[in-house]
Structure formats: C-alpha cells, structure tokens
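# Summary of the model geometry
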Amino acid sequence: AHGQYFEAFEPYIKKGTVIVCMPARSGGDLLLAAKLGAKADDVTFVGFETLPWACRFTDWGKKATILGTKGSILAAVTPPANTPKAFAMLQGLLGVFPNCTYSPN
C-alpha cells in the first residue's frame, strides 16, 4: 500500500525530505527507492515498527479512540547516517513519548 503513496507524493518530494511510515514493513526503503528512482538518494526514510498510539475504531473510517501512548517505538532509518537528525525532528513532533529508539536496518 505504501508504494501508491510514494508515487502520488513523488512530485512534491524535495531534497532533504524525511519520509516516515508508521507502521512500515520490511523493505520499505527498497520500495521507496524503486518508486522514486534517483530522487530517493536525496531523502531520508524512517520506518517505524508500529503506531505510537494504541487505538480502536469507534466508527469505522470516521472516528477512533486513542487508548494510550506507547513508551517507546523502534524505527530504522535509511541512510543510517541520517538517524540523529531524523530522530530529533520526529521526537520534536511526537513529544517526550513515545521515545524513538534506533533499530538496525
């Protein structure tokens, strides 16, 4: 499912963009490279193992209830050298919790 989004967003992706998938599956960075071609070399891909919140639908497709925020979530970053910058940006967006924890690619 992520591939169709990568294709749709491609015209708007600029050099230095951080692309985040929550949750991502194995090979998300490879799929991004296949869909963006050479443009993928100029972006950072972050794949989280799960969503940062425990949620349940209360009205399918319209409304969900957040049951809680997870304490930490694992994420892999491609290229790995961009991990500190990507995590700093994402932690600023998420707040203190969940804590973004590095997972090797």
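Residues numbered from 1 in each chain as written. Predicted model: local features only at pLDDT ≥ 70, side-chain atom pairs only at ≥ 80, totals over all residues. Heavy atoms only, no water.

## Quick look at the packing of helix α1 (residues 2–9) against helix α2 (residues 28–36)
Running from N to C, α1 and α2 point in directions that differ by 40°, and their axes come no closer than 9 Å. Taken together, the axes of α1 and α2 are oblique relative to one another. The handedness of the crossing between α1 and α2 is right-handed. Residues H2, G3, F6 and E7 of α1 touch α2, and the partners they reach there are G28, L31, L32, K35 and L36. Across the contact of α1 with α2, the residue classes tally to four nonpolar, three polar and two charged. (Axes fitted to C-alpha atoms, helices over the stretch in contact; angles between N-to-C directions. Helix = DSSP H or I, 4+ residues; strand = E, 2+ residues; numbered from the N terminus. Parallel < 35°, antiparallel > 145°, perpendicular 65-115°, else oblique. Left-handed = near helix turned anticlockwise from the far one by under 90°. Contact = heavy atoms within 4.5 Å. Nonpolar A, V, L, I, M, F, W, Y, C, P; charged D, E, K, R; others polar.)

## Concerning the environment of V96
Mapped onto the fold, V96 is located in the loop between α3 (83–94) and β6 (99–102). You can call V96 exposed: its relative accessible area is 64%. C-alpha of V96 to C-alpha of G71: the two residues are 25 residues apart in sequence and 9.0 Å apart in space. (Buried < 20%, exposed > 50% of the residue type's maximum accessible area, 1.4 Å probe, protein only.)

## Quick notes on the nonpolar core
Residues F6, I13, I19, C21, A24, L32, L36, A40, V43 and F45 constitute the largest nonpolar core, which totals ten residues. Among the elements of the structure, β1 (18–21) and α2 are those that each provide at least two residues to this core. V43 has contacts with I13, K14, T17, I19, L32, L36, T78 and P79, leaving out every residue within four places of it along the chain. Among the nonpolar cores identified, the runner-up in size contains nine residues, and I73, A86, F87 and C100 belong to it. (Core = buried A, V, L, I, M, F, W, Y, C linked by side-chain atoms within 4.5 Å.)

## What to know about the layout of surface pockets
One number sums up the size of the largest pocket: a volume of about 310 Å³. If you go around the largest pocket, you meet 17 residues; those closest to its centre are R25, S26, G27, G47 and A76. Its residues placed into classes, the lining of the largest pocket shows seven nonpolar, seven polar and three charged. (1 Å grid on protein atoms, 1.4 Å probe; cavity = no way out; pocket = protein on both sides within 12 Å on 5 of 7 lines; lining within 4 Å. Points joined across faces, edges and corners; volume = space filled by probe spheres on them.)

## Concerning the sheet that holds strand β2 (residues 44–48)
Spatial strand order, β1-β2-β5-β6: four strands in an open sheet with mixed pairing. Unpaired on one side and paired on the other, β1 and β6 mark the two borders of the sheet. Taken pair by pair, the neighbouring strands of this sheet meet at an average axis angle of 30°, ignoring direction. Pairing between β1 and β2: four bridges, direction parallel. Note on β2: the bridge partner recorded for I19 is F45. Against the sheet, α2 engages β1, β2 and β5 (72–78), with an angle of about 145° to β2. (Pairing = 2+ DSSP bridges.)

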